[in-house]
Amino acid sequence: MANTLSAPVEGSRRELGIAMLRTMIRIRVLEEGIEKHFLAGDIPGFAHLSIGQEAVAAGTCTNLRTGDAIASTHRGHGHTLAKGTSMRAMVAELFARATGVCKGKGGSMHIADFSVGMLGANGVVAGGFGLVAGAALSAVQRKTDQVAVCFFGDGATNRGPFHENLNLCAIWNLPAIFVLENNRYASTTSTAETMKIVDVARRADGYGMASVIVDGFDAFAVYDAVGVAVQRARSGGGPTFVECKTFRARGHYIGDPERYRAKTEVEDVMNASDPIVRMQALLGDALAAAAFEALWNEARAEFADAVAFARSSPPPERTEAFFGAYSGDRDPGDPVHALESRERDRFMPFAPDVGSGSQGSGH
Ligand SMILES: Cc1ncc(C[n+]2csc(CCOP(=O)(O)OP(=O)(O)O)c2C)c(N)n1
Ligand SMILES: [Mg+2]
């Protein structure tokens, strides 16, 4: 398994390490903040945290351009932030405010931000594979060198869309990259109980797809492996499967009693492998303690600003619920707009102007 723990960290490599450390710290601060505000009742719906997995989001997205696409999962805050969505737009969305990235109508599991190529988190496990195959096919047809990255969990690889889309991307040689976050669990079930193999990357062999296994706690290792995959995809070499061995340090969702594993397992893994601590140790000499502290303080200030922004923003208007379900614009002459308006009038003939901003649940 590839990791970079003995590599010297100097020059541009050090700059890269600092950039990825900053991203990981921003994700950690965001998610610890989400946990706090969710438990305080500020965030409706459900939320799944990726604490422990930050190196995968940072190492992957640092390779990507804004025009490249990603598809995420129910555990997608880190992917979204790393791809370039602003902290304010994220937090306002989680707080169900009209200023959120999906106007407060999506929430944690349905965040999408097309302006940065983020095609969507997904409440449907394995829901991202078809989006990525489509985005990759579109890049080929439009003759661009864009790539599309699918983030997914180990559990998702037991579903049909994983197999169908890997096969399709392989035979059509599409510029897709499949980044598996193998965090040892799917909900309450250990992967050891749901598959007979240890390395899920072996499944890529069945489709004739290149694959690599990396230490998912090591952002450099993820960066390097995804970098090779991006290069291959951009130059017409087809898709790659990147298995990142990682760990989810929180419950499946906020509130999960975690009866299926020992508390010591979480402590042991995080004590040995916390990706942020590891990166700080790698950069240790070069980046002094004060500089580390500054990164944390910046991220905390950014998060506090985003919370204040969210709190001062209104909830979406109830009548907005009917808009944005289809592609199209808000020009009253647009047939999609007319259709959505008709639906609003049919289902909400006496709709009040402003609603409570509630979001759907389910996980
Ligand atoms: C099609 C579908 N089946 C079941 C679920 C319920 N569910 C939500 S998350 C999850 C486990 C996913 O595990 P994995 O793919 O390993 O991702 P992780 O949660 O570990 O990040 C399940 C079964 C769902 N959301 N969608
Ligand atoms: Mg999993």
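Residues numbered from 1 in each chain as written. Chains lettered and ligands numbered in written order. Predicted model: local features only at pLDDT ≥ 70, side-chain atom pairs only at ≥ 80, totals over all residues. Heavy atoms only, no water.

1. A few points about the side chain of histidine 79
- Relative to the assigned elements, histidine 79 resides in helix 3 (residues 77-83).
- Classification of histidine 79 by relative accessible area gives buried; the value is 2%.
- If we ignore the near neighbours within four places in the chain, the residues touching histidine 79 are Ala57, Cys61, Ile70, Ser72, Thr73, Phe151 and Glu181. (Helix = DSSP H or I, 4+ residues; strand = E, 2+ residues; numbered from the N terminus. Buried < 20%, exposed > 50% of the residue type's maximum accessible area, 1.4 Å probe, protein only. Contact = heavy atoms within 4.5 Å.)

2. A word on helix 12 (residues 289-311)
- In a regular helix each residue adds 1.5 Å, so 23 residues correspond to 33 Å; helix 12 covers 33 Å between its end C-alpha atoms and thus fits that length.
- Lining the buried residues of helix 12 we find helix 1 (11-39), helix 4 (87-94) and helix 11 (275-283). (Expected span 1.5 Å × (residues − 1).)

3. Let's talk about the domain arrangement of the chain
- Assigned domains within the chain: domain 1 (11-311) and domain 2 (317-363).
- If you average the C-alpha positions of domain 1 and of domain 2, the two centres end up 31 Å apart. (Domains from an automatic or database assignment.)

4. As for the sheet that holds strand 1 (residues 69-71)
- Pairing is parallel in the open sheet, where five strands are placed in the order 1-2-3-7-6. The open sheet has two free edges, formed respectively by strand 1 and strand 6 (210-215), since each of these has just one partner strand. On average, adjacent strands in this sheet sit at an angle of 20 degrees to one another, irrespective of strand direction.
- In the sheet, strand 1 pairs with strand 2 (residues 148-153) via three bridges, with the strands oriented parallel. Along strand 2, the bridge assignment pairs alanine 69 with alanine 148.
- Against the sheet, helix 6 (residues 160-171) makes contact with strand 2, strand 3 (176-182) and strand 7 (240-245), and its axis sits at roughly 145 degrees relative to strand 3, the strand it touches most. (Pairing = 2+ DSSP bridges. Axes fitted to C-alpha atoms, helices over the stretch in contact; angles between N-to-C directions.)

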